[in-house]
Amino acid sequence: KIQVNFYYLKSEFKNVLLRLCKKILLQSENVLINLNSDGDLRSIDEYLWTGDRESFLPHSVFNENLADIEKIVLFKGSYTNMTGLKKFRQIVIAPNVRIQSLKHFNKFFIFSNEGIDRQKLSDVQQRLKNKDLDYKFFYEYQNLKWKILN
């Protein structure tokens, strides 16, 4: 079953991403990070190298010559058109990125900067209802503190 986690943010995406990527690295997992634009790609790339005072987060920006040792890879655009990504089973979808389908990965982390209310939550749940997905909704009620909504 595909696992889909929706996160409604209050804090900056880059801070949440840094924390999530550290956890993923500790678990020796691989993850793709789907960004919206060239500007977002440059900004997140720089932040992951410099955002933590005590260390940096090793990562790459996608290109055709991706090394097998790469654990965290940033890219923009549609993942459905990319090749050579079979080892990646998890994907992070940044705010403002639109995806066509929930396929090709075992786990999705989907982030949004939009506010959430009961009607929006109900609408999304209705669209996911008959799909073979395990999904959860998280709301950031305080800086990097989460509450599950379902």
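Just above, that's the structure.
Residues numbered from 1 in each chain as written. Predicted model: local features only at pLDDT ≥ 70, side-chain atom pairs only at ≥ 80, totals over all residues. Heavy atoms only, no water.

## Re unusual backbone geometry
Item 1. For Ser28, which is not glycine, the phi dihedral falls at a positive 55 degrees.
Item 2. In this structure, Ser28 sits in the loop between helix H1 (13–26) and strand S2 (31–35).
Item 3. A positive phi angle is found at Leu144, which is not glycine, with a value near 60 degrees.
Item 4. Position of Leu144 relative to the elements: it lies in the loop between strand S7 (133–142) and strand S8 (145–148). (Helix = DSSP H or I, 4+ residues; strand = E, 2+ residues; numbered from the N terminus.)

## Observations regarding the sheet that holds S7
Paired through backbone hydrogen bonds, the strands of a sheet run either parallel or antiparallel to each other.
Item 1. In space, the 8 strands of this open sheet follow the order S3-S4-S2-S5-S6-S1-S7-S8, with mixed pairing throughout. Every other strand in the sheet has two partners, leaving strand S3 (60–61) and S8 as the edge strands with one partner each.
Item 2. Across the face of the sheet, H1 comes into contact with S2, strand S4 (72–76), strand S5 (90–93), strand S6 (107–112), S7 and S8 while running at roughly 165 degrees to S6.
Item 3. Packed onto the sheet, helix H2 (residues 38–50) meets S2, S3 and S4 and runs at close to 160 degrees relative to S4. (Pairing = 2+ DSSP bridges. Contact = heavy atoms within 4.5 Å. Axes fitted to C-alpha atoms, helices over the stretch in contact; angles between N-to-C directions.)

## Things to note about H1
Item 1. Under the 1.5 Å per step criterion, the end-to-end length of H1 is 20 Å for 14 residues, consistent within 8% with the ideal 20 Å.
Item 2. All of the buried residues in H1 are Phe13, Val16, Leu17, Leu18, Leu20, Cys21 and Ile24.
Item 3. Note on H1: the residue one or two positions beyond its end, Ser28, has a positive phi of about 55 degrees. (Expected span 1.5 Å × (residues − 1). Buried < 20%, exposed > 50% of the residue type's maximum accessible area, 1.4 Å probe, protein only.)

## With respect to the nonpolar core
Item 1. Core analysis: the largest hydrophobic core is formed by 47 residues, its most contacted members being Phe13, Val92, Phe108 and Phe111.
Item 2. When residues in this core are grouped by element, the largest group, 7 residues, is from H1.
Item 3. Setting aside anything within four residues of it in sequence, one finds Val92 in contact with Phe13, Leu17, Leu20, Val31, Leu32, Ile33, Asn34, Phe109 and Phe111. (Core = buried A, V, L, I, M, F, W, Y, C linked by side-chain atoms within 4.5 Å.)

## A look at the side chain of Ser11
Item 1. Position of Ser11 among the secondary structure elements: in the loop between strand S1 (2–8) and H1.
Item 2. One polar contact links Ser11 to Glu140, side chain to side chain, over a distance of 2.6 Å.
Item 3. Not counting residues within four places of it along the chain, the set of residues in contact with Ser11 comprises Val16, Glu140, Asn143 and Leu144. (Polar contact = N/O pair within 3.5 Å; in protein donor to acceptor, adjacent residues only side chain to side chain.)

## Observations regarding the packing of aromatic side chains
Item 1. In the structure shown here, the tally under the stated rule is 11 aromatic pairs.
Item 2. Relative to Trp146, the ring of Tyr7 has its centre 5.2 Å away and its plane inclined at 80 degrees; by these criteria the two rings are edge-to-face. Of this pair, Tyr7 sits in strand S1 while Trp146 sits in strand S8, placing them 139 residues apart in sequence.
Item 3. With relative accessibility at 13%, the residue Tyr7 sits in the buried group.
Item 4. For Trp146, a relative accessible area of 28% corresponds to the partly exposed category.
Item 5. Taking 5.3 Å as the distance between ring centres and 65 degrees as the angle between the ring planes, the aromatic pair formed by Phe13 and Phe111 counts as edge-to-face. With Phe13 in helix H1 and Phe111 in strand S6, this residue pair connects regions lying 98 residues apart in the sequence. (Phe/Tyr/Trp six-rings, centres within 6.5 Å; stacked < 30°, edge-to-face > 60°.)

## Overview of the environment of Leu17
Item 1. Relative to the helices and strands, Leu17 is located in helix H1.
Item 2. Here Leu17 falls in the buried class, since its relative accessible area comes to 0%.
Item 3. Spatially, the C-alpha atom of Leu17 lies 22 Å from that of Ala67, the residues being 50 residues apart in sequence.
Item 4. Those residues in contact with Leu17 that lie beyond four places of it in its chain are Ile33, Ile44 and Val92.

## Description of the packing of H1 against H2
Item 1. With their axes 10 Å apart at the nearest point, H1 and H2 run at an angle of 50 degrees to one another. Judged by the inter-axis angle, H1 sits oblique to H2. Once H1 is placed against H2, the crossing between them reads as right-handed. Of the residues in H2, those in contact with Phe13, Lys14, Asn15, Leu17 and Leu18 of H1 are Ile44, Tyr47 and Leu48. (Parallel < 35°, antiparallel > 145°, perpendicular 65-115°, else oblique. Left-handed = near helix turned anticlockwise from the far one by under 90°.)

None of this, on its own, says anything about what the molecule does.
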